[in-house]
Structure formats: C-alpha cells, structure tokens
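# Structural description and commentary
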Amino acid sequence: MAVAPTRSRKSPRRQKLEAAVNYPLDWLEERSGLIGAVRYFLFRKVPGDTNWFHTLGSATLTAFLVQALTGAILAMYYQPHPATAYQSINHITNDVTLGWLVRGMHKWGASVFIILMFFHMARVFLFGAYKYPRELNWIVGVMLLAVGMLEGFTGYLLPWDQTAYWATVVGINLNGTAPILGPFLADFLRGGAEIGNDTLSRFYSLHMLLIPGLIFALIGLHLYLVVRLGVSSPPWSREAAGGGDYPAAPPSTNGRSGLTQPTARSGWRRNGGES
Amino acid sequence: MASIEDRRAQFTQYKQDVKSRGKSFYPYAMFHDTVMSLVVVSVIIALACVWYFTSGTDPNTCGGKDSCLLGPRYSEPADPGTTNFVPRPDWYFYFLFYLLRIFKWPNTVILGTVGIPTILLIILIVLPFVDVRRERRLLRRPVALIAAVLVVISMGVLTYKGATAKEALASEVVQAVPTWAQRQGFADDKDAVAGATVFATSGCTACHTYLGTGSSNLGAPDLSAIGKSGQGPNFFSTYVADPSKYGNNVMPKFAALGQTKLHQLGVFLSESKGPK
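Criteria and thresholds
Residues numbered from 1 in each chain as written. Chains lettered and ligands numbered in written order. Predicted model: local features only at pLDDT ≥ 70, side-chain atom pairs only at ≥ 80, totals over all residues. Heavy atoms only, no water. Helix = DSSP H or I, 4+ residues; strand = E, 2+ residues; numbered from the N terminus. Buried < 20%, exposed > 50% of the residue type's maximum accessible area, 1.4 Å probe, protein only. Contact = heavy atoms within 4.5 Å. Areas by Shrake-Rupley, 256 points an atom, 1.4 Å probe, with all protein chains shown as cover. Axes fitted to C-alpha atoms, helices over the stretch in contact; angles between N-to-C directions. Parallel < 35°, antiparallel > 145°, perpendicular 65-115°, else oblique. Nonpolar A, V, L, I, M, F, W, Y, C, P; charged D, E, K, R; others polar. Expected span 1.5 Å × (residues − 1). Salt bridge = Lys/Arg side-chain N within 4 Å of Asp/Glu carboxyl O. Buried area = accessible area lost by both parts, 1.4 Å probe. Polar contact = N/O pair within 3.5 Å; in protein donor to acceptor, adjacent residues only side chain to side chain. Phe/Tyr/Trp six-rings, centres within 6.5 Å; stacked < 30°, edge-to-face > 60°. Lys NZ or Arg CZ within 6 Å of the ring centre and 35° of its normal. pLDDT = per-residue confidence, 0-100. Patch = residues over 30% accessible without salt bridge, like charges linked within 9 Å, V, L, I, M, F, W, Y side chains within 5 Å.

Right, let's talk about the overall build of chain B for a bit. Per the secondary structure count, chain B includes 10 helices and three strands. Helices and strands appear in chain B in the N-to-C order α-β-α-α-α-α-α-α-α-β-β-α-α. Taking all 276 residues of chain B together, 44% fall into the buried category. Contacts in chain B between residues far apart in sequence, at least 24 positions, make up 56% of those at least 6 positions apart. With the model as given, the accessible surface of chain B reaches about 14200 Å², and the carbon-plus-sulfur share is 65%.

Listed below in structure tokens is the structure:
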C-alpha cells in the first residue's frame, strides 16, 4: 500500500512527513488489520439519540479497570499468608506512600463496580434492550454480575481481619447447605477442614487470577456483541426501536446490506479514512 | 408475540436507520462515556479519601471520633479462637443475609441459602426467552414495569433490614442469665448457670434465640426448650464442638471453647426444657 496522495497540493516536506507517519500504520494494518478494526470500532454508527443512560456500561468497565489496576498494585505489597496478611494490609494502609489511596480505591471501587453493574442491568431491562437479537449479550451480562459478586466474596477474606474471617466462615458454611454439590464446594473453598493458610491462598488465587481472567474474557465477549449488534436505541426512538408502529426509515442509498457487517477489512483509509 | 421474521425485519430496519441517520461513536458517544468514566473515578477517589481521613490506624477508634464515617480501616486481626464476633458480609450480600432470617433452620434454610439465589439467576437467564414481544416502551410493558418496581422495593427493603439488623451484644445478653436460670429452674445448678454465661458471651445469640433474647440469624432454631429432647449434656457438648459430625454444615465449630466450657454449655442446654 503506497501512500502517495493523488491530488498533491501539498509541499514536498508535508508529503514526506505524512509518509513517515503513515508508514508504521500501513505496516501494522497490512500485517494485522488492527488499524481497520480500531477505526471500525471508533467510527461505527450508533443511534443518534443515545443518551446518558447509555454510558452506564462503559462506566462499569471503567470501575472494573480501576479494580484491575489498583489490585495489581496491591498485589505487589500484599502477602497472602495468615501470619502476614493482616500486617501487610496494615503496612499498605499506613506506611506505603499513597498505599491508603490504592487500597481505599480498591475497597470502595468494588462497591461502585457492583452498583454500576446493577444500574447498567436496570437500564437494559427498562429499555427492553435484552430483546432479539441481544439475548446472548444479556446472558453474558448476568454471568458477569454473578462472577462479579463472587469476586467481591473472595476479596472480602483477604484483609484477614475479624470481619473478613467470620464473614467467610459463614459464607462457606452457607455454600455447604446446597444439596449434593454443597459439601464438596465448601471443602474446595476451605481447602481443608478449617479456614486457614490453604483457604487464604486459594481465595487469593481465585480473586486475582481465575475470576478476573474470567471477567476479562466475558467483558471481551460482551463488547464484541455490542459492536456486532449495534447499540440499542432508546425505546422511544424513531430508529426502529420499540413498538409495532415505528415510522419507516427513508430507503438506504447504500447498496450494502444493513445487517451486521464484520470489521472493515478493505483497508482503513477507504473506509472513511483521510482523503 | 412477534414472529422471528418480524423481529428480523425490525432489526434490519434498525440497522438501516442507524446507518443513515446515526452518529459516529467517536467523538459523540465517546464524549459522554469519557465524562461518565471521569465521574466514576472521581467518586471512587472521593470515597477512598473520606474513608481514610475519617478513620484511624487503630481498628477500634476513628482518630478520636466516635464512629468512622465509612467504617474503620480494618477490624482486629482474624482470630479463630474468638466466638463472640458477629459475622456480617459486605453490603451487597445484605439482602441474602437477611433472607436467611426469614427461613427457619433446618427445613427451609436451603431456600434462603441456595434456593432463592438460584431461582433469581434462572429467572434472569430465561428472561429474554420468555419475553419475546417486540414492544420495548416501558408503559406498554406493564408486567415488566411492575416486576421491576417490586424487585427494587424488595431488594431495597431486604438490604436496609440487613444493614440495620440489631445484633445482641454479649455484655447485654449476659444480664439475662439470672432471669433464664429462674425461668428454666436451674438456678441451683452451678454448671448450668456457668453454661448460660458461656452461651451468652460466645456469640450463640448472634444466630440463636433463647427466651426472647438473640436474633434468628441464618434461620438458626430457638433453643429455649432444646433440652426437652432428653439428650444429655454430652450430646450437646460434642454437637457444639463439631456440628458437621451431626450433618449440620451451617453452624461453625466451637471446639475452641475448650472441654470445661463445652461441658457447662452441654449441661445448660440439656437443662433448658422450656420456661416453667
């Protein structure tokens, strides 16, 4: 893909500069298609009447990213062993520079994340946005809610204080009441007969490897479906949204099918890129 | 119910509408998203600051103030030996926590612990397959609207109840011991009275009720007349030491109390035959 602009009013110096800027982009696009994918993501059309309610999803994502970032920093100082966990939390909160801020953001970010998940879910429910063809994305969202609350449960033990310890004792015992699987699940979570060393390292691993990995994967799927199916318009929208009596849209002059299109593969510049 | 052809046609129409009249995600929608994300991060930072600056390094005091605005930085270190700490989950589990008080152990407690959460999850998952009408405007979806209002109200009430549920303090419960001894008629039995004190101070009343004292947390049974069953002190002390041996996986083990206290507790429970 050569770069030369066809109608060249630009100075040679400007041409050289553009070529220098475009070369790495073209190089990347030719080998991966990533530039086209990003362009498709950024310049895809969303209904003209999306509003502030539609920001709850990305707000939830932001809260999760705050958790991921602050969690990674906390993991640098936290020591998941019953003998040292409480001390390390104390150290993070009281000694480490801005440690209190990182831990405070992680502690309160968890609540904000849960609240935003519920708000986002309420918005989707009230807008009827779970309906065809977005059923699958609703289910992925429900899974994210369940897994997110599990993340809250496993994280609650880690400070290894009385609040954490006894909440987990009861939480695990409650799991144990489930028919058939319950006792096995309780034994698995406890990692033995008593809550102790094995329980803490187990919860730590679940909290910072397994469950966040699952959440990242589910968020990826969730976003893929959002981009593929398009952002739902509000129920009162003219964009073929809700009722049976929506006004017909003017016929599309675009020859291409209006149905879902995969990522633009035809070169990022032809698809609304520069000149 | 709209046929699948209708729904497909509507979605095709939507895609065309958005293509011809929609706006580009960047910068229009992305601007709103960015502003909202900044608000979220600011709120999180603000909460962290308020929490930190209204609390102190000591788990029991809040920098000289009576109570921390957003709770202490941490409670005392975990100690499996203490038995009078009242367990309490994070706030978003309060609704489940309170549900457990509604169902009584052991027959229906499974409903509260596993049953209702599972049912809620199943309802959420099957929702888009049950509600296949094309209509999305809220006022024309009365069932969905009423269901949403009911869910919000019940979750709110349960969370509030869970948050404000009073837990009996050991220092208050222990004052009831003489009354218990009198009403149950074991005032002359030194072991039983000692056992009653153990019962009052070891956190038993966090989950059990006894002659009107305590809270039925987790749906645990009332113990005022537990001794009527005729099992002796030994049965009760071994049961309390490790309830899982008797198929009770809800109640924590209290073996940490030690043999003497467990024996006294056993005598107390076997003497609790209901008020005379």
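Right, let's talk about the overall build of chain A for a bit. Across its full length, chain A holds nine helices and one strand. In sequence order, chain A lays out its α and β elements as α-α-β-α-α-α-α-α-α-α. Taking all 275 residues of chain A together, 51% fall into the buried category. Contacts in chain A between residues at least 24 apart in sequence constitute 71% of all its contacts with a sequence separation of at least 6. Of the roughly 13800 Å² of accessible surface on chain A, a fraction of 66% belongs to carbon and sulfur atoms.

Turning our eyes to something else, we now look at the packing of helix 7 (residues 162-175) of chain A against helix 8 (residues 181-190) of chain A. Residues and elements named next belong to chain A. Put simply, helix 7 and helix 8 touch, their axes get as near as 7 Å, and they point 150° apart. By the angle between their directions, the pair helix 7 and helix 8 is classed as roughly antiparallel. Between helix 7 and helix 8, the contacting residues are I172, N173 and N175 on the first element and G182, L185, A186, L189 and R190 on the second. For the contact of helix 7 with helix 8, the residue count by class is four nonpolar, three polar and one charged.

Here the focus is helix 5 (residues 99-126) of chain A. All names here are of chain A. Given a rise of 1.5 Å per residue, 28 residues ought to cover 40 Å, and the 40 Å separating the end C-alpha atoms of helix 5 matches this to within 8%. Across the 28 residues of helix 5, 21 count as buried, placing the element largely inside the fold. At the C-terminal side of helix 5, G128 shows a positive phi close to 60°.

The next point concerns the packing of helix 4 (residues 85-94) of chain A against helix 5 of chain A. All names here are of chain A. Across the interface, helix 4 lies against helix 5 with an axial gap of 5 Å and an inter-helix angle of 115°. Taken as axis vectors, helix 4 and helix 5 run roughly perpendicular relative to one another. Contact with helix 4, carried on its side by I89, I92 and T93, involves G99, W100 and R103 of helix 5 and no other residues of that element.

All right, on to the pattern of salt bridges then. When the charged atoms of two side chains lie near each other, side chains of opposite charge can form a pair. Residue and element names in this part refer to chain A. Here the structure, examined in full by the defined rule, presents eight salt bridges over all chains. For R14, the salt bridge identified is with E18, shortest N-O distance 3.4 Å. Taken as a pair, R14 and E18 lie in helix 1 (residues 12-32) at a separation of four residues, close to a single helical turn. Close ionic contact of E30 with R31 constitutes a salt bridge, the shortest N to O distance being 3.7 Å. Residue classification places E30 among the exposed positions, given a relative accessible area of 57%. For R31, a relative accessible area of 51% translates into the label exposed. Beyond isolated ion pairs, a larger network of salt bridges with shared partners links K10, R14 and E18.

Let's shift gears to the interface of chain A and chain B. Taken together, the contact between chain A and chain B spans 101 residues of the former and 84 residues of the latter. Carbon and sulfur atoms supply 66% of the area buried between chain A and chain B, which totals about 8800 Å² over both sides. Linking chain A with chain B are two salt bridges. A:E194 is paired through a salt bridge with B:K253; the nearest N and O atoms lie 3.7 Å apart. Between the two partners, chain A and chain B, sit 33 residue pairs in polar contact (both at pLDDT 80 or more). For the side of chain A that touches chain B, the secondary-structure elements that each account for two or more residues are helix 2 (34-43), strand 1 (45-46), helix 3 (56-77), helix 4, helix 5, helix 6 (135-157), helix 7 and helix 9 (197-229) of chain A. In terms of residue count, helix 5 of chain A provides more of the side of chain A that touches chain B than any other element does, 17 residues in total. For the side of chain A that touches chain B, the class distribution of residues is 58 nonpolar, 30 polar and 13 charged.

Our next topic: the packing of aromatic side chains. Within the structure shown, the criterion is met by 33 aromatic pairs over all chains. With a centroid separation of 6.3 Å and 40° between ring planes, the pair formed by B:Y94 and B:F97 is classed as tilted. Of the two residues, B:Y94 and B:F97 both sit in helix 3 (residues 94-102), three residues apart, roughly one turn of that helix. Residue classification places B:Y94 among the buried residues on the basis of a relative accessible area of 13%. The structure contains a cluster of three or more aromatic residues connected by ring pairs, namely A:F153, A:F203, B:W91, B:Y92 and B:F93. Here the guanidinium or amino end of A:R44 rests over the ring plane of B:F25, the centre of that ring lying 4.3 Å away. The ring of A:W108 carries A:K107 above its face, with NZ or CZ at 5.6 Å from the centroid.

Before going further, it helps to examine the confidence of the model for chain B. Taken residue by residue, chain B gives an average pLDDT of 85. The fraction at 70 or more is 91%. Ranking the elements of chain B by mean pLDDT puts helix 6 (residues 170-173) of chain B last, at 72, and helix 2 (residues 25-53) of chain B first, at 96.

Looking now at the environment of A:F125. Relative to the helices and strands, A:F125 resides in helix 5. Overall, A:F125 belongs to the buried group, its relative accessible area being 15%. Once the C-alpha coordinates of A:F125 and A:W138 are considered, the two residues, 13 residues apart in sequence, prove to be 9.2 Å apart. Apart from the residues lying within four places of it in its own chain, the contact partners of A:F125 are A:Y130, A:W138, B:L127, B:R141, B:A144 and B:A148.

Here we take up a nonpolar patch on the surface. All names here are of chain B. A cluster of nonpolar residues, L121, I122, I125, V126, F129 and V130, forms a patch on the protein surface that exposes about 520 Å² of accessible area. Counting through the fold element by element, L121 comes out in helix 4 (residues 109-130). On the basis of relative accessibility, which here comes to 35%, the residue L121 falls in the partly exposed class.

Moving on to the side chain of B:H208. Residue and element names in this part refer to chain B. Note on placement: H208 falls in the loop between helix 8 (190-201) and strand 2 (209-210). Residue classification places H208 among the buried positions, given a relative accessible area of 11%. Polar side-chain contacts of H208 include one of 2.8 Å to the backbone oxygen of P221.

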